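Spelled out, the chains give:
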Number of protein chains: 2
Amino acid sequence: MERMKAPASTSGTAQAPQEPRWLTDEEQHVWRSFMEGVTLLDDHLDRQLQRDAGMPHVYYGLLVKLAEAPRRRLRMTELAMLAKITRSRLSHAIARLEKNGWVHREDCPDDKRGQFAVLTDEGYDVLRQTAPGHVEAVRQAVFDRLTPQQQKSLGEIMRIVAEGLQPAEAGADLPWLR
Amino acid sequence: MERMKAPASTSGTAQAPQEPRWLTDEEQHVWRSFMEGVTLLDDHLDRQLQRDAGMPHVYYGLLVKLAEAPRRRLRMTELAMLAKITRSRLSHAIARLEKNGWVHREDCPDDKRGQFAVLTDEGYDVLRQTAPGHVEAVRQAVFDRLTPQQQKSLGEIMRIVAEGLQPAEAGADLPWLR
DNA sequence: GGCTCCTCCTTGAACTTTAAACAAATGGTC
DNA sequence: GACCATTTGTTTAAAGTTCAAGGAGGAGCC
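Predicted, not measured: the structure shown is a model, and the values here were computed from it. (Residues numbered from 1 in each chain as written. Chains lettered and ligands numbered in written order. Predicted model: local features only at pLDDT ≥ 70, side-chain atom pairs only at ≥ 80, totals over all residues. Heavy atoms only, no water.)

**Describing the overall build of chain A**
Working step 1: From N to C terminus, chain A includes six helices and three strands.
Working step 2: Out of the 178 residues belonging to chain A, those deemed buried represent 46%.
Working step 3: In chain A, the proportion of contacts linking residues at least 24 apart, taken out of those at least 6 apart, comes to 50%. (Helix = DSSP H or I, 4+ residues; strand = E, 2+ residues; numbered from the N terminus. Buried < 20%, exposed > 50% of the residue type's maximum accessible area, 1.4 Å probe, protein only. Contact = heavy atoms within 4.5 Å.)

Put into structure tokens, the structure is as follows:
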């Protein structure tokens with residue numbers, strides 16, 4: 001419903017709502033393709049990783065962030081920000097990954113409130129074993145189908161979108177912007 | 001983890017796994033921007049609709065599909081396919097929307113197994129009242145930030161991605177492709 | 001009719017995510 | 001030091017999603 005009958009504009013002078021800026025037909029098509037593609041892709045990758053690695057895509061992404069971090073560890077808040085998820089969600093996720101033995105928590109010496117999420121060797125192994133299959137899935141679904149120019153555009157476009165939704169300040173919780 | 005140390009290639013003649021086609025640096029940047037943008041956008045719209053319409057984005061999408069359908073009604077399977085979700089998920093979702101009074105089920109006369117999901121007047125009203133705010137959110141997050149050319153590219157690109165992941169045959173359940 | 005296979009949709013359990021509330025530690029200010 | 005606001009991370013419950021299983025109707029075939 002990106003477009004609908006417009007409400008009669010108030011004849012007064014101080015109307016606030018204004019006429020909604022409905023999407024044009026072209027914009028609607030773009031939006032629907034986008035939502036459709038994202039939905040299908042997300043489900044596809046979730047299924048692929050659930051099957052081959054025993055975890056959803058987001059959890060896999062957490063292990064990746066940890067694997068790339070200095071001592072394969074990150075503070076909870078930092079990991080949450082990198083992965084663009086709330087701290088609450090991260091708490092649950094790490095709890096689950098800990099149960100799998102792929103991550104363990106460690107106290108932060110500097111800040112007694114702090115916790116590090118640390119990638120275990122088992123976690124690293126899971127990543128090493130499942131990464132090839134995952135890249136292949138990403139390639140087949142996305143990169144193999146796009147021209148180099150399209151790949152470049154996609155990157156630029158999504159970077160712009162992401163920037164626009166970035167949290168105002170680091171450290172803030174996710175309900176960033178209102 | 002779109003890239004990682006490669007396993008030593010087997011020297012035999014019949015190795016299947018092959019060297020994984022890791023992502024190049026550029027591809028990785030594209031992929032990360034994409035995932036980041038999608039995550040932030042999805043969360044943003046979910047929050048916006050949860051706040052203003054009392055339902056997640058997917059549910060809102062279901063009401064939209066119903067509103068556009070001939071007699072504001074669709075068979076469950078068809079709605080599931082249009083929305084790109086499983087029938088199971090749809091069953092739960094419609095149950096919830098029914099509790100809200102925004103949708104109601106109706107038996108299909110032709111096929112006793114069949115059910116129609118029908119948008120109620122209340123459901124339509126919710127849509128009419130919340131659509132302006134939602135379009136505005138979509139505009140601010142996406143269209144206002146992109147040039148017409150970028151909008152066009154985004155549409156083409158995501159249409160290609162979506163097509164590649166489309167279910168083989170209509171009527172099949174979602175675990176389409178394997 | 002009886003049989004088999006498929007389709008339509010639902011269900012319940014397990015799992016994940018969200019939202020709100022909270023304890024503990026920190027940091028600045030007086 | 002005492003105070004108060006902020007930050008960190010967790011917890012609880014409710015909501016949503018997934019997965020596997022299943023009841024019931026339809027469709028083709030004998």
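**With respect to the packing of aromatic side chains**
Working step 1: Here the structure, examined in full by the defined rule, presents four aromatic pairs over all chains.
Working step 2: On the basis of an interplanar angle of 20 degrees and a centroid distance of 5.6 Å, the ring pair of Trp31(B) and Phe34(B) is categorised as stacked. In this pair, Trp31(B) and Phe34(B) are both assigned in helix H1 (residues 25–53), three residues apart and thus about one turn of the helix distant.
Working step 3: The buried category is assigned to Trp31(B), whose relative accessible area is 4%.
Working step 4: Judged by its relative accessible area of 4%, Phe34(B) falls in the buried class.
Working step 5: The ring of Tyr124(A) has Arg72(A) sitting right over it, with the charged end atom 3.8 Å from the ring centre. (Phe/Tyr/Trp six-rings, centres within 6.5 Å; stacked < 30°, edge-to-face > 60°. Lys NZ or Arg CZ within 6 Å of the ring centre and 35° of its normal.)

**Describing the pairing of strand E3 (residues 115–119) of chain A**
All names here are of chain A.
Working step 1: Most of E3 is tucked away: four of the five residues are buried.
Working step 2: Inspection of the sheet shows strand E1 (residues 73–75) paired to E3 by three bridges, in the antiparallel sense. When the bridges of E3 are listed, Leu-74 appears paired with Ala-117.
Working step 3: The sheet contact formed by strand E2 (residues 103–107) and E3 spans five bridges and is antiparallel. Each residue of the ladder has a partner; that of Asp-107, found in E3, is Gln-115. (Pairing = 2+ DSSP bridges.)

**Thoughts on the interface of chain B and chain A**
Working step 1: Counting residues at the interface gives 71 residues for chain B, matched by 71 residues for chain A.
Working step 2: On the surface where chain B and chain A come into contact, there are 10 salt bridges.
Working step 3: Where Glu27(B) meets Arg139(A), a salt bridge forms, and the shortest distance between an N and an O atom there is 2.8 Å.
Working step 4: Joining chain B to chain A, the criterion identifies 14 residue pairs in polar contact (both at pLDDT 80 or more).
Working step 5: The set of elements that each furnish at least two residues to the side of chain B that touches chain A consists of H1, helix H2 (57–68), helix H5 (121–141) and helix H6 (148–165) of chain B.
Working step 6: For the side of chain B that touches chain A, the leading source of residues is H1(B), giving 19 residues.
Working step 7: Split into classes, the residues belonging to the side of chain B that touches chain A amount to 37 nonpolar, 14 polar and 20 charged. (Salt bridge = Lys/Arg side-chain N within 4 Å of Asp/Glu carboxyl O. Polar contact = N/O pair within 3.5 Å; in protein donor to acceptor, adjacent residues only side chain to side chain. Nonpolar A, V, L, I, M, F, W, Y, C, P; charged D, E, K, R; others polar.)

**Some thoughts on the protein's contact with DNA strand D**
Working step 1: Neighbouring residues of DNA strand D: 23 residues in total, closest Thr77(A), Ser91(A), Arg105(A), Arg113(A) and Arg89(B).
Working step 2: A distance of 3.1 Å is found between a phosphate oxygen of DNA strand D and a side-chain nitrogen or oxygen belonging to Tyr59(B).
Working step 3: For the surface near DNA strand D, the secondary structure elements donating two or more residues are helix H1 (25–53), helix H3 (76–83) and helix H4 (87–100) of chain A together with helix H4 (87–100) of chain B. (Near = heavy atom within 4 Å.)

**Overview of H4(B)**
All names here are of chain B.
Working step 1: When the terminal C-alpha atoms of H4 are compared, their 20 Å separation across 14 residues agrees well with the 20 Å that a helix rising 1.5 Å per residue should span.
Working step 2: Every buried residue belonging to H4 is among Leu-90, Ala-93, Ile-94 and Leu-97, and all of these are buried. One face of H4 carries all of its buried residues, which in axial projection span an arc of 100 degrees. Opposite its buried face, H4 presents the exposed residues His-92 and Lys-99, each directed more than 90 degrees away. (Expected span 1.5 Å × (residues − 1). Arc of directions from axis to C-beta.)

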